[in-house]
Amino acid sequence: MIKKVLVVGAGQMGAGIAQVCAQAGLEVFLHDQKEEAVQKGLQSIGKLLGRAVEKGRMTEGEKIATQQRLTPSTSLQDAADCDLVIEAVVEKMEVKKAVFQELDGITPKHAILATNTSSLAITEIAATTKRPDQVIGMHFMNPVPVMKLVEIIRGLQTSEETFKEIEELAKVLGKVPVSVEDYPGFVSNRILMPMINEAIFTVYEGVATVEDVDTSMKLGMNHPMGPLTLADFIGLDTCLYIMEVLHEGFADSKYRPCPLLKQYVQAGWLGKKTGRGFYQYEKTTG
């Protein structure tokens, strides 16, 4: 039974994952290499919990109890008595492999190693460990405390026992798990990213303006936000990276990234986080 969790990476995704685990009653280490990053993650959790209290979604007592279940960590050795590790570091295969190799030597034999990757092969990550049957994908959506979906991705070697345990945990966290096989982009990004890419092609070819493309999808397809607004929110560099993973993984020209997307990324126009993407934004500080 999973009682103690270490989350590797204290960024937006990692902090969100740590928050939902702590809210569900699990003991959680929030880990990052730098103390400042860990503290920033804990502060963002504190703010979100504070808002939940203000809106009547939780009591002050529940907020305090949740925060007490969160422990800062700057050493992966803290995983030595954990039942589960969820990795949420940068979306680079080499980095993830290195983290999993290190964790494999630290965690107890029963521990499950999960990755929050949005597109990389679980099978390849698992092969770097001596417990590939206990490695699985657990792809949360952003923002984690709000979004209900979790893609549970089986690698080629993932055991049914591991899958069932993580599926059950997702439900405990108040999420809706979907079962996915290990193919590039899984389900959500395999469908979403080509749609975003096609929206960019529509602008690139002069078919319609950015605003009109977004309006068409919002009012015509009842999407809560247009694909280009969504791309800016996700980060155009992330969109390009996932399109490249799909293009390479399937060797199919339908996944070819739009040249305009590449150009924006080269220009450093990455979306909301840089103040400019398909739209202009006021840069946020802190």
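Residues numbered from 1 in each chain as written. Predicted model: local features only at pLDDT ≥ 70, side-chain atom pairs only at ≥ 80, totals over all residues. Heavy atoms only, no water.

K.L.:
What should I look at first to understand the packing of aromatic side chains in this one?
P.N.:
Ring pairs (aromatic) are described by centroid distance and by the angle formed between their planes. For the structure on display, the rule yields 4 aromatic pairs. Pairing Phe 201 with Tyr 204 gives two aromatic rings, centres 6.2 Å apart and planes at 70 degrees, and the pair type is edge-to-face. On the criterion of helical spacing, the pair formed by Phe 201 and Tyr 204 is a turn pair, its members being 3 residues apart in helix α7 (residues 188–204). Taking NZ or CZ as reference, Arg 154 lies 3.7 Å from the ring centre of Phe 163, over its face. Seen from the ring of Trp 269, Arg 276 lies directly overhead, with NZ or CZ sitting 3.6 Å from the centre. (Phe/Tyr/Trp six-rings, centres within 6.5 Å; stacked < 30°, edge-to-face > 60°. Helix = DSSP H or I, 4+ residues; strand = E, 2+ residues; numbered from the N terminus. Lys NZ or Arg CZ within 6 Å of the ring centre and 35° of its normal.)

K.L.:
Explanation requested: the UniProt feature "domain: 3-hydroxyacyl-CoA dehydrogenase NAD binding" (unreviewed entry) in the protein in the structure shown.
P.N.:
Feature annotation in UniProt assigns "domain: 3-hydroxyacyl-CoA dehydrogenase NAD binding" (unreviewed entry) to the following positions: residues 4–182. Within residues 4–182, the helical portion is 41% and the strand portion 22%, while the C-alpha atoms at the span's ends are 26 Å from each other. (UniProt positions renumbered as here; feature names shortened; annotations may be inferred.)

K.L.:
Explain helix α1 (residues 12–23) here, please?
P.N.:
Owing to its 3.6 residues per turn, the α-helix brings residues three or four apart onto one side. Look at α1: 16 Å from first C-alpha to last across 12 residues, which is about the 16 Å you get at 1.5 Å a residue. For α1, the tally of buried residues reaches 9 of 12 residues, placing the bulk of the element in the interior. Residues of α1 that are buried: Gly 14, Ala 15, Gly 16, Ile 17, Ala 18, Gln 19, Val 20, Cys 21 and Ala 22. In the segment just after α1, Gly 25 is the residue with positive phi, at about 100 degrees. (Expected span 1.5 Å × (residues − 1). Buried < 20%, exposed > 50% of the residue type's maximum accessible area, 1.4 Å probe, protein only.)

K.L.:
Looking at this model, I keep getting lost on the pattern of salt bridges. Mind explaining?
P.N.:
Any two side chains of opposite charge can pair, given that their charged atoms come close. Under the counting rule described, the total for this entry stands at 11 salt bridges. The network of salt bridges with shared partners includes Arg 154, Glu 160, Lys 164, Glu 167 and Glu 181. (Salt bridge = Lys/Arg side-chain N within 4 Å of Asp/Glu carboxyl O.)

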